[in-house]
Amino acid sequence: MTQPVPSDPTPGNPPSALARWWGHAWLDARSVQRRLPPEALKRLEAAVRDSESRHRGELRLCIEGGLGPMWPGRPVSTRARAIELFSLLRVWDTAQNNGVLIYLLLAEHRIEVLADRGLADKVPPETWTALADSLGDALRQGRWEAGLMQAVDAVGELLRTHYPVLPGVADVNELPDAIVLL
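Residues numbered from 1 in each chain as written. Predicted model: local features only at pLDDT ≥ 70, side-chain atom pairs only at ≥ 80, totals over all residues. Heavy atoms only, no water.

Per the stated rule, a full pass over the model turns up 11 salt bridges. Arginine 43 is the salt-bridge partner of glutamate 145, the closest N and O atoms lying 2.6 Å from each other. A residue pair is termed long-range when its members are at least 10 positions apart, and glutamate 145 in helix H7 (residues 144-162) and arginine 43 in helix H3 (residues 38-52) qualify at 102 residues. Taking the relative accessible area as the measure of exposure, glutamate 145 reaches 21% and is therefore partly exposed. The salt bridge partner of arginine 160 is glutamate 157, with a shortest N-O separation of 2.9 Å. Taken together, the residues arginine 160 and glutamate 157, both in helix H7 and 3 residues apart, mark about one turn of the helix. Among the residues examined, glutamate 157 registers a relative accessible area of 43% and is labelled partly exposed. Overlapping salt bridges, with partners in common, bring together Glu45, Arg49 and Asp177 in one network. (Salt bridge = Lys/Arg side-chain N within 4 Å of Asp/Glu carboxyl O. Helix = DSSP H or I, 4+ residues; strand = E, 2+ residues; numbered from the N terminus. Buried < 20%, exposed > 50% of the residue type's maximum accessible area, 1.4 Å probe, protein only.)

Our next topic: helix H4 (residues 78-88). By the burial criterion, the buried members of H4 are Thr78, Arg81, Ala82, Leu85 and Phe86. Take H4 and look down its axis: the buried residues cluster within an arc of 145°, on one side only. Those residues of H4 that are buried lie in contact with strand S2 (58-64), strand S3 (99-105) and strand S4 (110-115). Directly beyond the C-terminal end of H4, a positive phi value near 65° is found at arginine 90. (Arc of directions from axis to C-beta. Contact = heavy atoms within 4.5 Å.)

Right under this line is the structure:
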């Protein structure tokens, strides 16, 4: 689900090619760290770890400032980039196909929430849209950590519903819990 994040361009007034290029060239991981300092990232990582201890799914958070000065000239959508990262971060590679990626691209002011087919088949698209909308609202209000915590909780609840911990079966953490900053 592509959703706007803070300072989304006014509808009908898209950014110029130069403004788009500048956003991608200028925004980087440091731009993310200004919004989410190291302490907040540690708390988010702990929230992912805690969530994953209560279900059999996997969750990754990836926040990218910009794609660099060479990308904006290429025809790459935010969704295509999220799908690329879904693969690179191996979210698709869980045993039960129940990984979820929450991806933010600051330069494009977009949110993508991608669920692997095991969970996507069980959750209607409107649920993912509502999750992205709620996260976008929090980000627009400057509540970055709180909004991401809420998103982690929402995804965790979906995973607990569809992939609960099984008694007597040890769960394996298949993916790192660290927040990916690009």
